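Fold and contact review
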Amino acid sequence: MSDIKLFRIGAGAVTELTGTTDTVEKSVQLLFESNLEALLGVRFLATEFTTTHGGRIDTLGLDENGCPVILEYKRASNENVINQGLFYLDWLMDHRKDFQWLVLEKLGKEAAEAVDWSAPRLICIAGDFNRYDDHAVKQIQRNIELIRYRRFGGDLLMLDLVAVTSVKGLVTANGASSGSVVVPGKYKTISTVMEELDSSMSDRFEALRAYLIALGDDDVQETTLRFYIAFKRIKNFACVEFRPTTSKILIYVKVDPSSVQIEKGFTRDVSDVGHFGTGDLEITLTNAEDLEKAKPLIERSYGAS
């Protein structure tokens, strides 16, 4: 669907690099599984995972937000990998304990207890997709991403997010939404916290949200998790929390704190501080003007996502 060209510039000449895709799907799968976290921000859990109905999920993982991820690789141009992946996604939602046991075995108790079922994802990987794939994704109320890959020579790999759809709150197989379910514990869910925002904070968040979404050309996804709101492309680039009692909006971005002049009350190094969301730099918005100051830092994080 998309046509990206890559050129090498050298010695006063421009040479186009020819992109290729593997005809053997397994080699693509092995490449992704060996580098899943670096490529997609997903921790690897299992390959060729056998379901109770005899199916096999190509790759299972856990994303940086603690949400389950199914990856399916398109082997042929006429293969309906989206429907296949959705079938497995529904199975996974009905067998949550099986998934959490897998997380417990691979990543430990803390990760298993923190699995977030509010935004499970299906990622489809292929050498290319067609307009029917794009149309189908837009009609389905699930978190689905179509990612096209190209190899350029032996040492370059390109990923292109060609289509994405996301939903706020989990939509289960029977159509019920659980995005507002209250999770017991000592922390309030993000939906509960947002009900406590005054008009000033709500206005500031709407301005922030509009800016974050406008950074991309239909490639920015907003996902409401249990305790924060994540904005992502292929990976998170901004995670948002609220502190209604102090009228503060906190943004966590993936910017190296050592590369920033820390400003008390505005930026903070949280690389060694426990917090929800992802990112080592915390930005605090206490007024409308703070957003303008924060934009260069947010854009750096966006560029790395």
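Residues numbered from 1 in each chain as written. Predicted model: local features only at pLDDT ≥ 70, side-chain atom pairs only at ≥ 80, totals over all residues. Heavy atoms only, no water.

Points about the confidence of the model for the protein
On average, residues of the protein score 87 in pLDDT, and 90% of them are at 70 or above. This model gives residues 170-184 a pLDDT under 50, and the stretch forms 23 contacts once residues within four places in sequence are excluded. (pLDDT = per-residue confidence, 0-100. Contact = heavy atoms within 4.5 Å.)

Notes on the nonpolar core
Membership of the largest hydrophobic core comes to 32 residues, with the highest contact counts inside it found for Leu60, Ile70, Ile82, Phe99, Val103 and Leu146. Among the secondary structure elements, those contributing two or more residues to this core are strand S4 (42-50), strand S5 (56-63), helix H3 (81-94), helix H4 (96-107), helix H5 (109-113), strand S7 (121-126), strand S8 (143-152) and strand S9 (156-165). Counting residues per element, this core draws most heavily on H3, at eight residues. Filtering out sequence-adjacent residues up to four positions away, leucine 60 remains in contact with Arg43, Phe44, Leu45, Ala46, Phe49, Val69, Ile70, Leu92, Phe99 and Leu102. (Core = buried A, V, L, I, M, F, W, Y, C linked by side-chain atoms within 4.5 Å. Buried < 20%, exposed > 50% of the residue type's maximum accessible area, 1.4 Å probe, protein only. Helix = DSSP H or I, 4+ residues; strand = E, 2+ residues; numbered from the N terminus.)

Let's talk about the sheet that holds strand S10 (residues 221-224)
Strand order in the open sheet formed by six strands is S10-S11-S12-S13-S15-S14, with antiparallel pairing between adjacent strands. This sheet does not close on itself; its edge strands, each paired only once, are S10 and strand S14 (267-269). Here the strands of the sheet are splayed against their neighbours by 25° on average, with no regard to which way each runs. Direction of pairing for S10 relative to strand S11 (residues 229-232): antiparallel, over a ladder of four bridges. In the sheet register, glutamate 222 faces S11, and the bridge partner there is phenylalanine 231. Against the sheet, helix H9 (residues 288-303) contacts strand S12 (236-243), strand S13 (248-253), S14 and strand S15 (281-285), and its axis sits at roughly 155° relative to S15. (Pairing = 2+ DSSP bridges. Axes fitted to C-alpha atoms, helices over the stretch in contact; angles between N-to-C directions.)

With respect to the environment of isoleucine 125
Structurally, the position occupied by isoleucine 125 is in strand S7. Taking C-alpha positions, isoleucine 125 is 8.9 Å from glutamine 29, a pair spaced 96 residues apart along the chain. Those residues in contact with isoleucine 125 that sit more than four places away from it in its chain are Val28, Phe32, Leu71, Glu72, Tyr73, Lys74, Ile147 and Tyr149.

A look at the packing of aromatic side chains
Tallied over the full model, the rule gives seven aromatic pairs. Seen from their ring centres, phenylalanine 99 and tryptophan 117 are 5.5 Å apart, and the 70° between their planes marks the pair as edge-to-face. Taken together, the residues span a long stretch of sequence, with phenylalanine 99 in helix H4 and tryptophan 117 in the loop between H5 and S7 at a distance of 18 residues. Each ring, one from phenylalanine 237 and one from tyrosine 302, has its centre 5.2 Å from the other, and the planes form 85°; the classification is edge-to-face. Placement of phenylalanine 237 in strand S12 and of tyrosine 302 in helix H9 is noted, with a sequence separation of 65 residues between them. The same class applies to phenylalanine 237 and to tyrosine 302, which are both buried. Taking the ring centre of tyrosine 302 as reference, the NZ or CZ of arginine 233 above it sits at 4.0 Å. For the cation-ring pair, lysine 293 lies above phenylalanine 266, with the distance from its terminal atom to the ring centre recorded as 4.2 Å. (Phe/Tyr/Trp six-rings, centres within 6.5 Å; stacked < 30°, edge-to-face > 60°. Lys NZ or Arg CZ within 6 Å of the ring centre and 35° of its normal.)

A word on a nonpolar patch on the surface
A surface patch of nonpolar side chains, amounting to about 340 Å² of accessible area, comprises Phe7, Ile9 and Val14. Mapped onto the secondary structure, valine 14 falls in strand S2 (residues 13-17). (Patch = residues over 30% accessible without salt bridge, like charges linked within 9 Å, V, L, I, M, F, W, Y side chains within 5 Å. Areas by Shrake-Rupley, 256 points an atom, 1.4 Å probe, with all protein chains shown as cover. Salt bridge = Lys/Arg side-chain N within 4 Å of Asp/Glu carboxyl O.)

Digging into a negative patch on the surface
A contiguous patch of negative charge on the surface is contributed by Asp256, Asp269, Asp272 and Asp280. Along the chain, aspartate 269 turns up in strand S14. (Lys, Arg positive; Asp, Glu negative; His and termini not counted. Charge placed at Lys NZ, Arg CZ, Asp CG, Glu CD.)

Let's talk about the packing of H3 against H4
If you want to describe how two helices pack, look at the angle between their axes and the distance between the axes. Two numbers describe how H3 lies on H4: the axes approach to 5 Å, and their chain directions differ by 85°. On the basis of their axis angle, the class for H3 and H4 is roughly perpendicular. Contacts from Trp91, Leu92, Met93 and Asp94 in H3 reach Arg96, Asp98 and Phe99 in H4. Counted by class, the contact of H3 with H4 contains four nonpolar, no polar and three charged residues. (Parallel < 35°, antiparallel > 145°, perpendicular 65-115°, else oblique. Nonpolar A, V, L, I, M, F, W, Y, C, P; charged D, E, K, R; others polar.)

Concerning the pairing of strand S6 (residues 68-73)
Within S6, six of the six residues are buried, leaving the element largely enclosed by the surrounding structure. Because side chains alternate across S6, one face comprises the buried residues Pro68, Ile70 and Glu72, and the other comprises Val69, Leu71 and Tyr73, equally buried. In the sheet, S5 pairs with S6 via four bridges, with the strands oriented antiparallel. By the bridge assignment, leucine 60 is partnered in S6 with isoleucine 70. Where S5 folds back on S6, the antiparallel hairpin that results is connected by four residues, among which glycine 66 adopts a positive phi of roughly 85°. Bridge count for S6 against S7 is five bridges, and the pairing is parallel.

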